[in-house]
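Working through the structure, step by step
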Amino acid sequence: MRIDVVSIFPEYLAPLELSLIGKARQDGLLELNVHDLRTFTTDKHRTVDDTPYGGGAGMVMKPEPWAQALESVAAARENSKPVLIVPSPAGEKFNQALAYELAEEEQLVFACGRYEGIDERVIDWAQDHFRVRPVSLGDYVLNGGEVAVLAMVEAIGRLLPGVVGNPESLVEESHSDGLLEYPVYTKPSAWRDHDVPPILLSGNHGKIAQWRRHEQFRRTAERRPDLMEGLDAGVLSRADRQAL
Ligand SMILES: Nc1cc(-c2ccc3ccn(Cc4ccc(CN5CCCC5)cc4)c3c2)n[nH]1
């Protein structure tokens, strides 16, 4: 997969050189290019923003530098348009399902807005060159798109083949089956008056799996009742129903 990120703060994306994503890049599992939007300005002051039509506080990002930048990174391909992800408080909510969907793409382009956002005509213009997806990280306002891109690239990148050492760990994590994950423990078994649940020391793998499934349901019902409504009836085995 090829990922291109355009930002006026390219150094904000430096953490993607570290750890699993950094290693995936070194191993050639993922190509990640970060581009400075100011590279695509033509004036002496490298201007990327201006005052908003209609008035209002703050500044808006000018359209032309964005069109230049996005044209430059769109890999020419006849069969399908690359995906352009535009982080925005007004986007569709990012979640694990969308992470899996985007992990299938050949190229992802991320446009990191700042100020009060990007001139909307860029989104309209981009429709002919990209499959455009405004995406929200959550219902809160950040100062720009970079933090959202860090989160999304990590969530998507770890799903790519070979990036996570043990692919099994992707199966039982939160949201992979619509439920929150079960609690985990390690040595010592007794720690500051807190003991590991004895079932986990029993070696009875059937009972351990049952206990973990029960914990998934208990936690989801307690912390995210909204997820319980969305559970596909098919997901609920007979044992699950007993756990409810
Ligand atoms: N999930 C999530 C994503 C973001 C996010 C993503 C990109 C940008 C680019 C600029 N901002 C700051 C910012 C400041 C003020 C407004 C509200 N204004 C009201 C009228 C016009 C706009 C919006 C946006 C971003 C924020 N935040 N949260």
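Here, the structure is the one placed above.
In what follows, the accompanying structure is described. (Residues numbered from 1 in each chain as written. Predicted model: local features only at pLDDT ≥ 70, side-chain atom pairs only at ≥ 80, totals over all residues. Heavy atoms only, no water.)

**Examining the site of the ligand**
In the vicinity of the ligand lie 17 residues, with Glu116, Leu137, Gly138, Tyr140 and Leu142 positioned nearest. Between a nitrogen atom of the ligand and a main-chain N or O atom of Gly138, the distance comes to 3.2 Å. Within the complex, 71% of the 590 Å² of free accessible area of the ligand lies under protein. Element by element, the count of residues in the shell around the ligand is highest for strand β5 (residues 83–93), at three residues. (Near = heavy atom within 4 Å. Polar contact = N/O pair within 3.5 Å; in protein donor to acceptor, adjacent residues only side chain to side chain. Areas by Shrake-Rupley, 256 points an atom, 1.4 Å probe, with all protein chains shown as cover. Helix = DSSP H or I, 4+ residues; strand = E, 2+ residues; numbered from the N terminus.)

**Digging into the nonpolar core**
With 31 residues, the main nonpolar core has Phe94, Phe110 and Ile156 as its most contacted residues. Going through the elements one at a time, β1 (2–7), α1 (19–26), β5, α3 (96–102), β6 (107–111) and α5 (146–157) are the ones with two or more residues in this core. When residues in this core are grouped by element, the largest group, seven residues, is from α5. Counting residues in hydrophobic clusters, the runner-up holds 20 residues, among them Ile8, Trp66, Val73 and Phe130. (Core = buried A, V, L, I, M, F, W, Y, C linked by side-chain atoms within 4.5 Å. Buried < 20%, exposed > 50% of the residue type's maximum accessible area, 1.4 Å probe, protein only.)

**Digging into the pattern of salt bridges**
Applying the stated criterion across every chain, the model contains 12 salt bridges. For Glu101, the salt bridge goes to Arg133, with nearest N and O atoms at 2.8 Å. Here Glu101, found in helix α3, pairs with Arg133, found in strand β7 (residues 131–136); they are 32 residues apart in sequence, far enough to count as distant. Taking the relative accessible area as the measure of exposure, Glu101 reaches 41% and is therefore partly exposed. (Salt bridge = Lys/Arg side-chain N within 4 Å of Asp/Glu carboxyl O.)

**Some remarks on the environment of Val153**
Among the secondary structure elements, Val153 is positioned in helix α5. Spatially, the C-alpha atom of Val153 lies 8.1 Å from that of Leu16, the residues being 137 residues apart in sequence. If we skip the residues at most four places from it in the chain, Val153 touches Ile3, Leu16, Ile21 and Phe110. (Contact = heavy atoms within 4.5 Å.)

**A short note on the pairing of β5**
Note that β5 and β6 share three bridges and pair parallel. Paired with Leu84 across the strands is Val109, a residue of β6. Examined bridge by bridge, β5 and β7 share seven bridges and lie parallel to one another. In the sheet register, Lys93 faces β7, and the bridge partner there is Ser136. (Pairing = 2+ DSSP bridges.)

**Comments concerning helix α2 (residues 63–73)**
Listing the buried residues of α2 in full gives Pro65, Trp66, Ala67, Ala69, Leu70 and Val73. Its buried side turned inward, α2 meets β1, β2 (31–36), β4 (60–61), β5, β6 and α4 (120–126).

**Examining the pairing of β1**
Among the six residues in β1, five count as buried, and that is most of the element. Where β1 lies against β2, six bridges are found, and the strand directions are parallel. Within β2, the residue paired with Arg2 across the bridge is Glu31. With respect to chirality, the unit in which β1 leads through α1 into the neighbouring parallel β2 is right-handed. Examined bridge by bridge, β1 and β6 share five bridges and lie parallel to one another. The residue of β6 that forms the bridge with Val5 is Phe110. (Right-handed = clockwise from strand over helix to strand, strands pointing away.)

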